[in-house]
Amino acid sequence: WQQAAAAEMACVEQGLGWWEADGAELWRDVSTEEELRGAVGAAERAGALLLVDFWGPSCWSCRALHPKLVQLARDHPGVHFARVNGEASLELCRSLQISRIPWFQFYRDGRLFSSFSASLSPARLQKLRDELQTHQHALLCR
């Protein structure tokens, strides 16, 4: 927690947002349907699971989830991670029927297979971890 807070303070001092703190390099930023198709295709070609995080700079839940997501990305290097700024990419969110943030989508083999609202509740965080474990394992067992 202290490391995440220190990284966030360093970003603030540099004029960057909290989402640009520690771990930003682990995520592929997506803002259009074409970019999302590119991320889905890249994961499919790599035989990897893709997790897409729909978030927003003014979303406090998103901000609180960020360090946990960074840790998940570090713990699952074989999974591809993308993020969509839902506040800046309203058209993309509407086309995907994403009506609130935070929200997660999982893609495997080029297809969406899971989509759900996120929160800080232990049950929702566990669902996120379970999806990663289950579907990453399925890809490895092929």
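Residues numbered from 1 in each chain as written. Predicted model: local features only at pLDDT ≥ 70, side-chain atom pairs only at ≥ 80, totals over all residues. Heavy atoms only, no water.

Draft legend 1. Quick peek at helix α2 (residues 33-46). Between its first and last C-alpha atoms α2 spans 20 Å; for 14 residues at 1.5 Å apiece the expected length is 20 Å, and the two agree. For α2, the set of buried residues is Leu36, Ala39, Val40, Gly41, Ala42 and Ala43. Residues of α2 that are buried in the fold lie against β1 (28-30), β2 (50-55), β3 (80-85), α4 (90-95) and β4 (103-108). Directly after α2, the chain includes Gly47, whose backbone phi takes a positive value near 65°. (Helix = DSSP H or I, 4+ residues; strand = E, 2+ residues; numbered from the N terminus. Expected span 1.5 Å × (residues − 1). Buried < 20%, exposed > 50% of the residue type's maximum accessible area, 1.4 Å probe, protein only. Contact = heavy atoms within 4.5 Å.)

Draft legend 2. Here's a closer look at the packing of aromatic side chains. Considering all chains together, one arrives at four aromatic pairs under this definition. For the ring pair Trp27 and Phe81, a centre distance of 5.1 Å and an interplane angle of 70° mean the geometry is edge-to-face. Pair noted here: Trp27 is in the loop between α1 (2-13) and β1 and Phe81 is in strand β3, with a separation of 54 residues, a long-range link. Taking the centre distance of 6.0 Å and the plane angle of 55° together, the rings of Phe104 and Phe116 count as tilted. With a gap of 12 residues between them, Phe104 in strand β4 and Phe116 in strand β5 (residues 111-117) connect regions that are remote in the sequence. Of the two residues examined, Phe104 and Phe116, each falls in the buried class. Through successive ring pairs, a cluster of aromatic residues spans Phe104, Phe106, Phe113 and Phe116. Above the ring of Phe113, the side-chain terminus of Arg108 is found at 5.2 Å from the ring centroid. (Phe/Tyr/Trp six-rings, centres within 6.5 Å; stacked < 30°, edge-to-face > 60°. Lys NZ or Arg CZ within 6 Å of the ring centre and 35° of its normal.)

Draft legend 3. Structural view of the environment of Leu36. The residue Leu36 is located in helix α2 in this model. Looking at Leu36, the relative accessible area reads 6%, which means it is buried. Discounting residues that sit within four places of it in the chain, Leu36 has contacts with Val30, Val52, Leu92, Leu96 and Tyr107.

Draft legend 4. Region of the structure containing the side chain of Ser114. Among the secondary structure elements, Ser114 is positioned in strand β5. Discounting chain neighbours no more than four positions away, the residues touching Ser114 are Phe104, Gln105, Phe106 and Glu131.

Draft legend 5. The arrangement of helix α3 (residues 60-75) in detail. With 16 residues, α3 extends 24 Å between its outermost C-alpha atoms, agreeing within 8% with the 22 Å of an ideal straight helix rising 1.5 Å per residue. Along its length, α3 shows its largest kink, about 40°, at His66, and proline Pro67 lies within four residues downstream of that point. Those residues of α3 lying buried are Cys62, Leu65, His66, Leu69, Val70, Leu72 and Ala73. (Bend = angle between axes of the 7 residues up to and from the residue.)

Draft legend 6. Fine view of the sheet that holds β4. Pairing within the open sheet is mixed, and its five strands lie in the order β1-β3-β2-β4-β5. Only two strands of the sheet have a single partner each, and these edge strands are β1 and β5. In this sheet, adjacent strand axes meet at a mean angle of 25° when their direction is disregarded. Where β4 meets β5, six bridges bridge the pair, whose relative direction is antiparallel. Bridge pairing links Gln105 to Ser115 in β5. Against the sheet, α2 engages β1, β2, β3 and β4, with an angle of about 145° to β1. (Pairing = 2+ DSSP bridges. Axes fitted to C-alpha atoms, helices over the stretch in contact; angles between N-to-C directions.)

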